[in-house]
Amino acid sequence: MSLIARIEREGPKKLLAIDGGGIRGVLALEVLQKIEDLLKAKSGRSDFRLADYFDYIAGTSTGGIIAAGLSIGMSVKGILEFYQDAGAQMFVKANLLRRLRYKFEDEPLADQLRHVFGAGTTLGSERLRTLLLLVMRNATTDSPWPTSNNPYARYNDRARPDCNLNLPLWQLVRASTAAPTYFPPEVIVLPSAAPAAEREFVFVDGGVTMYNNPAFQMFLMATLDRYWAAKPEARWRTGPDRMLIVSVGTGTSPDARQGLEPGEMNLLFNAQTVPAALMFAALNEQDLLCRVFGDCRAGDPIDREIGDLVGSAGPLRREQKLFTYLRYNAELTREGLDALGCRDIEPASVQQLDSIDGIPDLRQVGKRVAETKVLEQHFDGFMPT
């Protein structure tokens, strides 16, 4: 089925979003493995992939790698093997001088992404079986840059010399994963009818925008007419029976600085911690928006005041909700790990974005999230047919 035929076919739409989080993406992959196994059993197909079920897949940073892999039809197991085998190669230490600017070398990551997605595969390639959203930050314009392969989007017009669909997929994924202080930025040149008018932009990790969790932005890009400029009537219709959004996190650490003293909050401390704090706040805000405007069936408590909002009406009655919503994540604190039954895992081993040695522990946490939180009844009304 062509992408346009899939976009315009009747029936409920299923959307998947994956958070950023570095090597902690393996935690999300274990959750996705459970979802794939569950849906595969219901489909009755031995060759089932999540790309057969989800119509739109979004990812930021490490979530962008996973989203792109799923969109081209990779199995969750195949992406897990990629992280297991290539993780250590991607996080290769930069030399001492370069570490003043960033922590890891660029080429191993770029080489791995070119290998997986193909140097010649573009955002508009027919290899992509779903709509795909990748989030990055355009440092040149100091703005978020959520980019999709929607053929009806304004900047995806094939007649434009700067059509986004012509950009290499691996390079967009690389741009979305270019976490400041970890990897150097990615430079993307947008062609022009006049070579002298070509524009060069510097991109960094989409996790340093409001969309480290891209779920609500994906919803807007699926339903807002301005994102369907060439054919606004093709935008997807909303409703709790018409749309399912599944959001998968990579773990959070709300007490990462427990015991902090006021005197420790100097300029260097703020420079190191404020970006992460803003990312955490933005992630929770995107999740909260989805729970308020969607019919939330699954999700951990956001905080002790509002709880998990499962079954909550909020400003909308159930029949007025815009979609059905599922959120799966883990709290990587001592308390959170104990609640999952992971008492033998130290929080420090799973909280870092670059902890290659922590991959086995992260996988164990992800499996516990999958076992205890992903339930078949969550997908009632949206099972494969």
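Residues numbered from 1 in each chain as written. Predicted model: local features only at pLDDT ≥ 70, side-chain atom pairs only at ≥ 80, totals over all residues. Heavy atoms only, no water.

As for the state of the cysteines
Step number 1: Following the criterion strictly, the structure yields zero disulfides and no others.
Step number 2: A disulfide-free cysteine, C296 has its sulfur positioned 9.2 Å from the sulfur of C290, the nearest such atom.
Step number 3: Accessibility expressed as a relative area gives 3% for C296, which makes it buried. (Disulfide = S-S within 2.5 Å. Buried < 20%, exposed > 50% of the residue type's maximum accessible area, 1.4 Å probe, protein only.)

Considerations on the pattern of salt bridges
Step number 1: If you walk through the whole model with that rule in mind, you get 24 salt bridges.
Step number 2: For E8, the salt bridge goes to K231, with nearest N and O atoms at 2.8 Å. Within this pair, whereas E8 is found in helix α1 (residues 3-8), its partner K231 is found in the loop between α8 (215-223) and β7 (243-248), the two being separated by 223 residues in sequence.
Step number 3: Close ionic contact of R174 with E186 constitutes a salt bridge, the shortest N to O distance being 3.5 Å. One end of the pair, R174, is in helix α7 (residues 169-176); the other, E186, is in strand β5 (residues 186-190), and twelve residues separate them in sequence.
Step number 4: With relative accessibility at 0%, the residue R174 sits in the buried group.
Step number 5: You can call E186 buried: its relative accessible area is 8%.
Step number 6: Within this structure, D19, D287, R291 and R327 form a network of salt bridges that share partners. (Salt bridge = Lys/Arg side-chain N within 4 Å of Asp/Glu carboxyl O. Helix = DSSP H or I, 4+ residues; strand = E, 2+ residues; numbered from the N terminus.)

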